[in-house]
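Chain by chain, the residues run as shown.
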Amino acid sequence: MAAVVKALNAKIRSNPVADYLCSTHFWGPASNFGIPIAAVLDTQKSPELISGQMTGALSIYAFVFMRYALAVTPRNYLLFGCHFVNAGAQLTQGYRYLDWHYWGGKDKAVQKALTAPVAAAAVAK
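For clarity, every value in this text was computed on a predicted model and none was experimentally measured. (Residues numbered from 1 in each chain as written. Predicted model: local features only at pLDDT ≥ 70, side-chain atom pairs only at ≥ 80, totals over all residues. Heavy atoms only, no water.)

Below, the discussion takes up the pattern of salt bridges. One pass over the structure, following the stated rule, counts one salt bridge. A salt bridge links Lys45 to Asp42; the shortest N-O distance between them is 3.3 Å. The exposure class assigned to Lys45 is partly exposed, which follows from its relative accessible area of 46%. (Salt bridge = Lys/Arg side-chain N within 4 Å of Asp/Glu carboxyl O. Buried < 20%, exposed > 50% of the residue type's maximum accessible area, 1.4 Å probe, protein only.)

Here it is in structure tokens:
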């Protein structure tokens, strides 16, 4: 049985594409893409749900592993792309967090909510 597995592994590893698809250089970033996908989808949610500390930590994580992806041999461009998307999404979330909590975004939303019923009533008349 071990000889069959060894022969199958040798057959798979002889093809460069199959070898890459069976490596951690592919499956690590492929499974890691859940983080940036979730971050991109979260940009559609309310900014009051954003955790500033978690966004900061994930931004640092993304930048560190972008560097790591280029430092390993061979360079892992798929991992770099994953963390590049994650860094962009986290920076967007960070901007939304700062705008909501510190730059008047919450006040603008409250003001808009208060004036919306008045404007709707005026249009109805």
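Let us look at the packing of aromatic side chains. Evaluated as defined, the whole model comprises six aromatic pairs. Measuring from centroid to centroid gives 6.2 Å for Phe80 and Phe84, while their planes differ by 20°, and the two rings are stacked. Of the two residues, Phe80 and Phe84 both sit in helix 6 (residues 77-101), four residues apart, roughly one turn of that helix. Judged by its relative accessible area of 51%, Phe84 is exposed. Here the aromatic rings of Tyr95 and Trp103 are separated by 5.7 Å at their centres, their planes lie at 55°, and the arrangement is tilted. You can call Tyr95 partly exposed: its relative accessible area is 49%. Grouping aromatic residues by their ring pairs yields a cluster made of Tyr61, Phe65 and Tyr68. (Phe/Tyr/Trp six-rings, centres within 6.5 Å; stacked < 30°, edge-to-face > 60°. Helix = DSSP H or I, 4+ residues; strand = E, 2+ residues; numbered from the N terminus.)

What follows is about the side chain of His83. Mapped onto the elements of the fold, His83 is located in helix 6. Owing to a relative accessible area of 1%, His83 belongs among the buried residues under this scheme. Excluding its chain neighbours within four sequence positions, the residues that come into contact with His83 are Asn32, Tyr61, Ala62, Phe65 and Met66. (Contact = heavy atoms within 4.5 Å.)

It is a probe the size of a water molecule, rolled over the atoms, that shows where empty space is left. Roughly 240 Å³ of internal volume is contained in the largest pocket. Forming the walls of the largest pocket are 14 residues, and the residues nearest its centre are Asp42, Ile50, Ser51, Thr55 and Gln93. Counting residues per element, the ones that place at least two in the lining of the largest pocket are helix 4 (34-42), helix 5 (52-71) and helix 6. With four residues, helix 4 is the single largest residue contributor to the lining of the largest pocket. (1 Å grid on protein atoms, 1.4 Å probe; cavity = no way out; pocket = protein on both sides within 12 Å on 5 of 7 lines; lining within 4 Å. Points joined across faces, edges and corners; volume = space filled by probe spheres on them.)

Following Thr73, the chain continues into Pro74 via a peptide bond in cis, with omega recorded as -5°. Within the element layout of this structure, Pro74 appears in the loop between helix 5 and helix 6.

Turning our eyes to something else, we now look at the packing of helix 3 (residues 24-32) against helix 6. Two numbers describe how helix 3 lies on helix 6: the axes approach to 8 Å, and their chain directions differ by 15°. By the angle between their axes, helix 3 is roughly parallel relative to helix 6. Regarding helix 3 and helix 6, the two cross each other, and that crossing is left-handed. Of the residues in helix 6, those in contact with His25, Phe26, Pro29 and Asn32 of helix 3 are Leu78, Leu79, Cys82 and His83. For the contact of helix 3 with helix 6, the per-class residue count stands at five nonpolar, three polar and no charged. (Axes fitted to C-alpha atoms, helices over the stretch in contact; angles between N-to-C directions. Parallel < 35°, antiparallel > 145°, perpendicular 65-115°, else oblique. Left-handed = near helix turned anticlockwise from the far one by under 90°. Nonpolar A, V, L, I, M, F, W, Y, C, P; charged D, E, K, R; others polar.)

A pair of packed helices can be characterised by two numbers: the angle between their axes and the separation between those axes. Where helix 5 contacts helix 6, the axes come no closer than 8 Å and their chain directions differ by 155°. One way to sum up the angle between helix 5 and helix 6 is to call them roughly antiparallel. With respect to the hand of their crossing, helix 5 and helix 6 are arranged in left-handed fashion. Listed contacts from helix 6 to Gly52, Thr55, Leu58, Ser59, Tyr61, Ala62, Phe63, Phe65, Met66, Tyr68, Ala69 and Leu70 of helix 5 are Tyr77, Leu79, Phe80, His83, Phe84, Asn86, Ala87, Gln90, Leu91, Gln93, Gly94 and Tyr97. Among the residues making up the contact of helix 5 with helix 6, the classes are represented as 16 nonpolar, eight polar and no charged.

In short, the description is geometric, and any link to function would need to be established separately.
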